[in-house]
Amino acid sequence: SQSYNISEREFLDSVIDLAHLYHWVVAHFRPARTKDGWRTAVAGDGAGFPDICLVKEGRIIFAELKSATGKILPAQQEWLDALEVTGKCEVYLWRPEEWEKIVLILGSGAV
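About the criteria used
- Residues numbered from 1 in each chain as written.
- Predicted model: local features only at pLDDT ≥ 70, side-chain atom pairs only at ≥ 80, totals over all residues.
- Heavy atoms only, no water.
- Helix = DSSP H or I, 4+ residues; strand = E, 2+ residues; numbered from the N terminus.
- Buried < 20%, exposed > 50% of the residue type's maximum accessible area, 1.4 Å probe, protein only.
- Contact = heavy atoms within 4.5 Å.
- Areas by Shrake-Rupley, 256 points an atom, 1.4 Å probe, with all protein chains shown as cover.
- Pairing = 2+ DSSP bridges.
- Right-handed = clockwise from strand over helix to strand, strands pointing away.
- Expected span 1.5 Å × (residues − 1).
- Arc of directions from axis to C-beta.
- Core = buried A, V, L, I, M, F, W, Y, C linked by side-chain atoms within 4.5 Å.
- Axes fitted to C-alpha atoms, helices over the stretch in contact; angles between N-to-C directions.
- pLDDT = per-residue confidence, 0-100.

Remarks on the overall build of the protein
Working step 1: Within the protein one finds three helices and six strands.
Working step 2: Within the span of the protein, comprising 111 residues, buried residues form 32% of the whole.
Working step 3: Excluding contacts between residues fewer than 6 apart, the proportion of contacts in the protein whose partners are at least 24 apart in sequence is 63%.
Working step 4: On the protein, roughly 7200 Å² of surface is accessible, and the fraction owed to carbon and sulfur atoms is 56%.

Thoughts on the pairing of strand β6 (residues 90-94)
Working step 1: The buried fraction of β6 amounts to four of the five residues, a majority that puts the element mostly inside the structure.
Working step 2: Note that strand β5 (residues 59-65) and β6 share five bridges and pair parallel. If you follow Phe 62 over to β6, its bridge partner there is Val 91.
Working step 3: Viewed along the sheet, the connection from β5 through helix α2 (residues 74-85) into β6 turns out right-handed.

Details of helix α1 (residues 8-21)
Working step 1: With 14 residues, α1 should reach 20 Å at 1.5 Å per residue; the first-to-last C-alpha distance of 20 Å fits that figure.
Working step 2: Within α1, the full set of buried residues consists of Phe 11, Leu 12, Val 15, Ile 16, Leu 18 and Ala 19. Along the axis of α1, the buried residues cluster in a sector spanning 160 degrees; they form a single face. Away from the buried face of α1 by more than 90 degrees, exposed residues Asp 17 and Leu 21 are located.

Examining the nonpolar core
Working step 1: Ranked by size, the top nonpolar core spans 17 residues in total, and within it Ile 52, Leu 54, Ile 61, Ala 63, Leu 65, Trp 94 and Leu 106 carry the most contacts.
Working step 2: Put simply, the parts of the chain that give this core at least two residues each are α1, β4 (52-56), β5, β6 and α3 (99-108).
Working step 3: In terms of residues, this core owes the most to one element, α1, which gives six residues.
Working step 4: With six residues, the next largest nonpolar core counts Cys 53, Leu 80, Leu 83 and Cys 89 among its residues.

Here we look at the sheet that holds β4
Working step 1: With respect to topology, four strands assemble into an open sheet ordered β1-β4-β5-β6, the strand pairing being mixed. Of all strands in the sheet, those bounded by a partner on one side alone are β1 (25-27) and β6. Put simply, the sheet's adjacent strands are angled 20 degrees from each other on average, direction ignored.
Working step 2: Helix-sheet contacts for α2 involve β5 and β6, and the interaxial angle to β6 is about 150 degrees.
Working step 3: The strands that α3 touches are β4, β5 and β6; relative to β6, the one it contacts most, it runs at about 155 degrees.

Looking at the confidence of the model for the protein
Working step 1: Here the protein averages 86 in pLDDT, while 79% of its residues score no lower than 70.
Working step 2: Ranking the elements of the protein by mean pLDDT puts strand β3 (residues 37-39) last, at 54, and β6 first, at 97.

As structure tokens, this is what we get:
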């Protein structure tokens, strides 16, 4: 049986590598260590913005990535809901155990 016990960082790196393999343009905004701890520079309503944005051939995907046990925060769910209701992008909450589905989505089209 395959183990899905990887960190969100390892999972993110794997998704970015996969996206590049399939020629997606990828954006991820990384937190940085400051004197006050880890911070991601965001303005406006940026808190909770999805982990990754992917663009290819008229498609745009926003995905929140979580470990097998990671919990989605209310601000994250609000962003996913707001993006999904536009009907103009694909919106996902991805976990490592859904790897085969992610491969299909990025490799061949929306699932």
